[in-house]
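Analysis of the macromolecular model
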There are 2 protein chains.
Amino acid sequence: MKEQEFLAELKEMDLLQQALGILEWDTQTGMPEEASNYRAEVSSFLYGKYFAKKIGPKMTEAIDYFGQHPDELSEIGKIALTLVKEEYDRQYAVPNELMIEYSKATADAHYAWQKARKRKDFSLFYGALKENIRLTKELISYWKKDEETDYDVLLNLYEPNMTTKTLDEVFSTVRDGIIKLREKIETRGTKPRTDFLSREMSKEQQRKFVIKVVEDLGFDLDRGRVDDTVHPFATGINHQDVRLTNRWNKKDLTTGIMGLIHEAGHGIYEQNISEKFEYTPIHEGASMGVHESQSLFNELVIGSRRSFWQKQYPYLQKCAQGIFDDISFEDFYASLKQTQASLIRIEADSLTYILHIIIRYEIEKMIFNEEVTVEELPQVWNDKYEQYLGIRPQDDLEGILQDVHWSAAEFGYFPSYALGYMYACQLYYAMKKEIDVDKVLGSDDYSPIRKWLTRNIHQYGAAKKPNQLIYDATGEALNPQYLLEYLQEIYFSVYQINE
Amino acid sequence: MKEQEFLAELKEMDLLQQALGILEWDTQTGMPEEASNYRAEVSSFLYGKYFAKKIGPKMTEAIDYFGQHPDELSEIGKIALTLVKEEYDRQYAVPNELMIEYSKATADAHYAWQKARKRKDFSLFYGALKENIRLTKELISYWKKDEETDYDVLLNLYEPNMTTKTLDEVFSTVRDGIIKLREKIETRGTKPRTDFLSREMSKEQQRKFVIKVVEDLGFDLDRGRVDDTVHPFATGINHQDVRLTNRWNKKDLTTGIMGLIHEAGHGIYEQNISEKFEYTPIHEGASMGVHESQSLFNELVIGSRRSFWQKQYPYLQKCAQGIFDDISFEDFYASLKQTQASLIRIEADSLTYILHIIIRYEIEKMIFNEEVTVEELPQVWNDKYEQYLGIRPQDDLEGILQDVHWSAAEFGYFPSYALGYMYACQLYYAMKKEIDVDKVLGSDDYSPIRKWLTRNIHQYGAAKKPNQLIYDATGEALNPQYLLEYLQEIYFSVYQINE
C-alpha cells in the first residue's frame, strides 16, 4: 500500500465529516422546525459512510502494512496512523452487540433523564443510570490496559494520558485552595455592585460590541461566521470555515458577550491549526481539555483582566448608547467578577465553577471504584455541595439531575472543563515571561497574544498529546498553583483584599 | 430484483442530493468567503457519489429487469423508472470523452464571456460560443429521435414534449399581440407616475411586509426559511425544508418585494408536491416551464392585480412607516405596472419581458437551423431589438453579452421563462371558473388559490409531463391568448384605455 492511498482515504473521511459538520451546524442554527426527521436520515446516511471507512478494509490494510513498514510514511502519515489506530483498536476491541446495547441504553437513559427532570425525581432516572454504569464498566473491561484503573480508561477517552493519580493530587490542591480563597473573600472582601448588569442592552448592541472584541482577539471573520443558536458551540468545518454560535439575553449582557468570547477561543484554535494537517485527523484539537483551555483563556483569563476591560469598556458604553454612562469603569469591571455559591454548574462564576467539576469528578470516581451505590448518589451529591459550597440542593433537579452527561454515559468528561481552566492559567503565566500581556491588552493590537498561542498550542492540532503540548509550551507539567494564583490575583483585587 | 431495492437506491441518491442542496444553499447564503475551494472539494466528492449511482450497476439492473417485468412495480415505481431511464439513456448515449470536452469548453466559455463583458466586445466570446454550439450539435446527434428537429432536442432538455412547431405558432401570436398592445399604450395610454418608488424603505421594513405577504400566499415558514443572497433562488431540500433567498434594494422596493413573491411561488410548489413521491425523482417540479409558471403566477398574475394590492397596500404603508402616506392607492398600484422598452432582460417589465425571450428563441433556432453564422449574431440581435422593442443596444454588453446562458451552452432554456408566463395566465383563467379570485385576494384567506394550484399542479410533482399537466388543469393545450388577454386587462386599466 502507498501512503497516498492511505491519505486519500483519510481525506474522503474528512470530506464526509465536513458535510456532516455543515448539516449539524444548519440543524442547530436555522433548519426549519419541521425538517428534523428528514435531516436525521441524511446525517445518519452520511455518518454510516464515514463510519464504514473508519473501521473499513482500507484502514485495516493501512494499519497492518504501515505497522510493518513505518519508514514508508512521512511524519504526518506516521502521526495520522497513530491517531487512526487508537480509534480503530477501540472500535474492534468491543463486540458489536455491546455497542448496540450501549447506544440503545443511552437513548433510553436520555429519555428517562428528561422525565426525571420534569418530576424532579432521581428515582425515575435511577434504573437507566445504573444500566449506563453497568455497560460502561463492561466497555472498560475491553479497553483497560494493565497499569490503568477503571476511571483512567474513561478519562483517557477525553484527555489522553491523564490519570486519576494526577487528578487526585491536582484537584485536592485546587479544592482546598479555592475553599480558603472563598473564606477570605467572605470574611474580608467588599462585595461589588451588580444591579446595573440587568439593564437592557439589545442583541444588536451587544453583538456590535462583541464582534469587534472577538476580531481583536484574533477570530477571522473572512474564514468564519457567527450565528444564533440555543446551545452555543463552535465548529471547525475546515481550515477556512470555522463557525461560532451564540445566544443572547438583553437583560444580561454577560450571557452573550462572555459566551461569544468563550466560543471565539475554540474558533481561533481551529483557525490556526497548521494547514499541513488538513484532511487528516491531526487537523483538530489535541483534547477536550486543551480545546477548553483556549476558550477559557479568552473568557476567564483575558476576560477577567482589568487591563482588557479598561480598553474595551468605553466601546461597550458607546455600543450600549448611554445605558452605562453613569457606571464607572471600576464598578463595571468589579461587577463582572462577583462570586457567589450556586447550585447549577452552568450558572457558576469563575471562582466556584471548578468546585462543581471536582464534585462530579469525586462522585464518578466513587462510582467506578465501587465506593458508592447508585441509590446513594443524590445523598452524596447534596452532601458534597454542602461541604464544598455551603449550599444544599432542595431537589434533584437543582442537584444530581442538572447535567445531561451521565444520561449519555459520558463518564470522565467533566474533568476536561477543570483541566482547560488550569491549562489556561498555566499558559498565561508562561506567556507573561515573554509578553507584557496587560500592555498588549491596553493596546490596539492583540496579535502578540494570539500568535503566542498559535506558536505554542494551535499549530500542532492533535500532533502532540495534551501533556506533551502543555509541557513544551510552559516548561512544566500540569501545575494547579497557577490557577489558584490567578484566582487570588483577580478576586482579591476586585474584593479589595490586600495581603 | 425487488422494487424496494430500486426505491432504496433512489432514496440514497435523494439523500446525497439533500446534502448537496444544503451545501449549495450554504455556499450562496453565508459561507465564509475564503472557504470556496474547500467547499468545492466536498461538493464534488458527494456529487461523484450521486452520479456514480445515477448511472451505476443498480440502475442498469433496475432498468433491465423492470423493463421486462413492469408489473412488479407499483404506480410510483413505474413513474420513477421512466424518469430515471430518460436520464440514464441520455447519459449512456454520449461518449464520455465528449462529455469531458463539453464541460471543459463550457468552463472556458464562461471565462471568455466574463472577459468579453468587461471589454464590451463580442469578438472575445466569439470563439468559445462557436465551440459551445459545435459541441451542442454533436450532443444533439446522439440524442435526436426521428421526428425531432435539432432545436426540439434542446427544448426537451428543459420542457419535455415541447416542440419548435408549437413554439413558432405560440410565439408569433404573442409577439404580434404584444407589439399591438404596446402601440395602443404608446398612442392612447396615460403614463403612471413612478417617482416615489425610489423612496428609501429599509430592508427590515420591506422584509416585514413581504414575509407576511408570502405567508398569506401560502409559503409555510415552519417548513422553510428566507435568507439573503446575491442571485435569488428557491431550493427544495425535502418536503419539510424549502428555502427562499432574496436580495434587497432600499431605493427600489420592487426588487426585494416582487423578488420574494416570485421565489415564494417556486417554494409553495416544492412544499406541496405529494409526500408519497418523497425520496424519488418524482418529488420535484414537472419542468422548468411549469416551475416558472408557479413563480410567475405569484409575481405577474397575483402581483399585477388591483384587488391584491388594494388589500396589501395599507400594510405596506404601515411597514414603510409613513414614507408612502401621501401616495394614493391608485398611484401606487399604477406605478407597479408602468411599461417601457428596455435593453436588459432581467430589468424588463411584465409586458415587454416576453419579447426579450422571443428574440432569444428566434436567434437560438436560427443558430441550430444553420440560418445564421456566429459572426452575424450581434447584428441579428440588435436588429431584432430595434424591430420588436424599438430600441437598439449601443454595445454588446447591453446586447448579446447580457445573459450567462450561452456561455454554459444552455441553449433551449430561455423559452421556459415565456412558457411559464403563458401557463400562469392560462391557469388563472381556469381557476377563475371555480374561484372568485379578486374576492379571495380582497379577503384575509388566500388559501383557496393555493389549494387550487396544489390540487391541479403542485401535488403531481414530476408525475405528469408539462403538456399533460396543463391540459388536465385547464382543459386545453397551451393557449397564448390568455397571456395576451391578461396583459390587455392589466395594462389597459393602468394606462386608462377603454375599448
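What counts as what
- The written sequence of each chain sets the order in which its residues are numbered from 1.
- Chain labels run from A onward and ligand labels from 1 onward, assigned in the order the entries are written.
- Local features in this predicted model are restricted to residues of pLDDT 70 or higher, and side-chain atom pairs are both shown and tallied only at a pLDDT of 80 or more, whereas totals for entire chains, interfaces and linings draw on every residue.
- Calculation of side-chain values draws on the structure's entire complement of heavy atoms; hydrogens and water are dropped beforehand.
- Orientation is described by axes fitted as lines to C-alpha atoms, over the contacting stretch for helices, and by angles from 0 to 180 degrees between their N-to-C directions.
- Strands are runs of DSSP state E lasting at least two residues, helices are runs of H or I lasting at least four, and both sets are numbered from the N terminus onward.
- Any angle that falls under 35 degrees is termed roughly parallel, while one over 145 is termed roughly antiparallel, one within 65 to 115 roughly perpendicular, and all others oblique.
- Left-handed is the label given to a crossing in which the near helix is rotated counterclockwise from the far helix by less than a right angle, and right-handed is the label when the rotation is clockwise.
- A contact between two residues is defined here by any heavy atoms of the two lying within 4.5 Å.
- Only Asp, Glu, Lys and Arg are considered charged, only Ala, Val, Leu, Ile, Met, Phe, Trp, Tyr, Cys and Pro nonpolar, and every remaining residue, Gly among them, polar.
- What makes a nonpolar core is a set of buried Ala, Val, Leu, Ile, Met, Phe, Trp, Tyr and Cys residues whose side-chain atoms join them at distances within 4.5 Å.
- Note on exposure labels: buried denotes an accessible area under 20% of the residue type's maximum, exposed denotes more than 50%, and partly exposed covers the range between, all computed with a 1.4 Å probe on protein chains only.
- Least squares is the method for superposing the copies, and the C-alpha atoms it fits come from residues with pLDDT of at least 70 in both.
- Note on pairing: two strands pair once DSSP finds at least 2 bridges between them.
- A 1.4 Å probe defines the accessible area here, and the buried area is the portion of it lost by two parts on being joined, summed over both.
- For salt bridges, the criterion is a side-chain nitrogen of Lys or Arg within 4 Å of an Asp or Glu carboxyl oxygen.
- The definition of a polar contact used here is a pair of N or O atoms within 3.5 Å, where within protein one atom must be able to donate a hydrogen and the other to accept one, and adjacent residues in sequence count solely through side-chain atom pairs.
- Reported domain spans reflect what an automatic or database domain assignment gives.

1. A closer look at the packing of helix α5 (residues 96–119) of chain A against helix α6 (residues 123–143) of chain A
Residue and element names in this part refer to chain A.
- It is the contact of α5 with α6, at a shortest axis distance of 8 Å, that shows an interaxial angle of 150 degrees. Relative to α6, the element α5 is oriented roughly antiparallel. Judged by the sense of rotation from one axis to the other, the crossing of α5 with α6 is left-handed. Seen from α5, the contacting residues are Leu 98, Met 99, Glu 101, Tyr 102, Ala 105, Thr 106, Ala 109, Ala 112, Trp 113, Lys 115, Ala 116 and Arg 119; seen from α6, they are Leu 124, Phe 125, Ala 128, Glu 131, Asn 132, Arg 134, Leu 135, Thr 136, Glu 138, Leu 139 and Tyr 142.
- Taken together, the residues of the contact of α5 with α6 sort by class into 14 nonpolar, 3 polar and 6 charged.

2. A word on the nonpolar core
- Counting 340 residues, the largest nonpolar core has Phe 6 and Leu 46 of chain A together with Phe 6 and Leu 46 of chain B as its most contacted members.
- In contact with Phe 6 of chain A, not counting residues within four places along its chain, are Met 1, Met 59, Ala 62, Phe 66, Leu 73, Gly 77, Ala 80, Leu 81 and Val 84 of chain A.

3. Regarding the relation of the copies chain B and chain A
- Once turned by 180 degrees and shifted 0.1 Å along the axis, chain B lies on chain A with an RMSD of 0.1 Å. Viewed as a symmetry operation, the transformation between the two copies matches a two-fold axis. For chain B, the minimum C-alpha distance to the rotation axis belongs to Ala 19 of chain B and amounts to 3.6 Å.
- A shared interface surface links the copies, since 100% of the contact residues of chain B are contact residues in chain A too.

4. With respect to the side chain of Thr 352 of chain B
All names here are of chain B.
- Summarising the element assignment, Thr 352 is placed in the loop between α13 (329–336) and α14 (353–368).
- Looking at Thr 352, the relative accessible area reads 0%, which means it is buried.
- Thr 352 has contacts with Arg 182, Thr 339, Gln 340, Ala 341 and Leu 389, leaving out every residue within four places of it along the chain.

5. Some words on the pairing of strand β3 (residues 241–246) of chain A
Residue and element names in this part refer to chain A.
- The buried count for β3 comes to 6 of 6 residues, which makes it a mostly enclosed element.
- Judged by which residues are buried, β3 turns out to be covered on both faces: Asp 241, Arg 243 and Thr 245 on one side and Val 242, Leu 244 and Asn 246 on the other are all buried.
- As paired elements, strand β1 (residues 224–228) and β3 share 5 bridges and run parallel to each other. Its bridge partner lying in β3, Arg 225 is registered against Arg 243.
- Looking at chain direction, strand β2 (residues 234–238) and β3 are connected through 4 bridges and run antiparallel. The partner of Thr 235 across the bridge, within β3, is Arg 243.
- Taking the residues between adjacent antiparallel strands as the criterion, β2 and β3 are bridged by 2 residues.

6. A word on the interface of chain B and chain A
- In this assembly, 36 residues from chain B lie in contact with 36 residues from chain A.
- Roughly 3000 Å² of surface becomes buried between chain B and chain A when both sides are summed, with 61% attributable to carbon and sulfur atoms.
- Contact with chain A buries surface across chain B, with Pro 32, Tyr 38 and Phe 45 of chain B losing the most and accounting together for 22% of the total.
- On the surface where chain B and chain A come into contact, there are 6 salt bridges.
- Arg 243 of chain B serves as the salt-bridge partner of Asp 26 of chain A, at 2.7 Å between the closest nitrogen and oxygen.
- Along the contact surface separating chain B from chain A lie 12 residue pairs in polar contact (both at pLDDT 80 or more).
- Going through the elements one at a time, α1 (3–29), α2 (36–54), β1 (224–228) and β3 (241–246) of chain B are the ones with two or more residues in the side of chain B that touches chain A.
- The leading source of residues in the side of chain B that touches chain A is α1 of chain B, at 11 residues.
- Its residues assigned to classes, the side of chain B that touches chain A shows 14 nonpolar, 7 polar and 15 charged.

7. A short note on the domain arrangement of chain A
Residue and element names in this part refer to chain A.
- As far as domains go, chain A holds domain 1 (3–143) and domain 2 (164–494).
- Centre-to-centre separation of domain 1 and domain 2, based on C-alpha positions: 27 Å.
- Counting from both sides, the interface comprises 35 residues of domain 1 and, opposite them, 41 residues of domain 2.
- Here domain 1 and domain 2 share an interface that buries about 3400 Å² over both sides, 70% of which is from carbon and sulfur atoms.
- One can count 3 salt bridges joining domain 1 with domain 2.
- If you look at where domain 1 meets domain 2, you find 12 residue pairs in polar contact (both at pLDDT 80 or more).
- Residue assignment for the side of domain 1 that touches domain 2 shows that the elements contributing at least two residues are α1 (3–29), α4 (75–93), α5 and α6.
- Counting residues per element, the side of domain 1 that touches domain 2 draws most heavily on α1, which supplies 10 residues.

8. Considerations on the pattern of salt bridges
All names here are of chain B.
- A full pass over the atoms with the stated rule returns 85 salt bridges over all chains.
- Notably, a salt bridge pairs Glu 138 with Arg 134, separated by 3.3 Å at the nearest N-O pair. Taken together, the residues Glu 138 and Arg 134, both in helix α6 (residues 123–143) and 4 residues apart, mark about one turn of the helix.
- On the basis of relative accessible area, Glu 138 is assigned to the partly exposed category, the value being 29%.
- On the basis of relative accessibility, which here comes to 38%, the residue Arg 134 falls in the partly exposed class.

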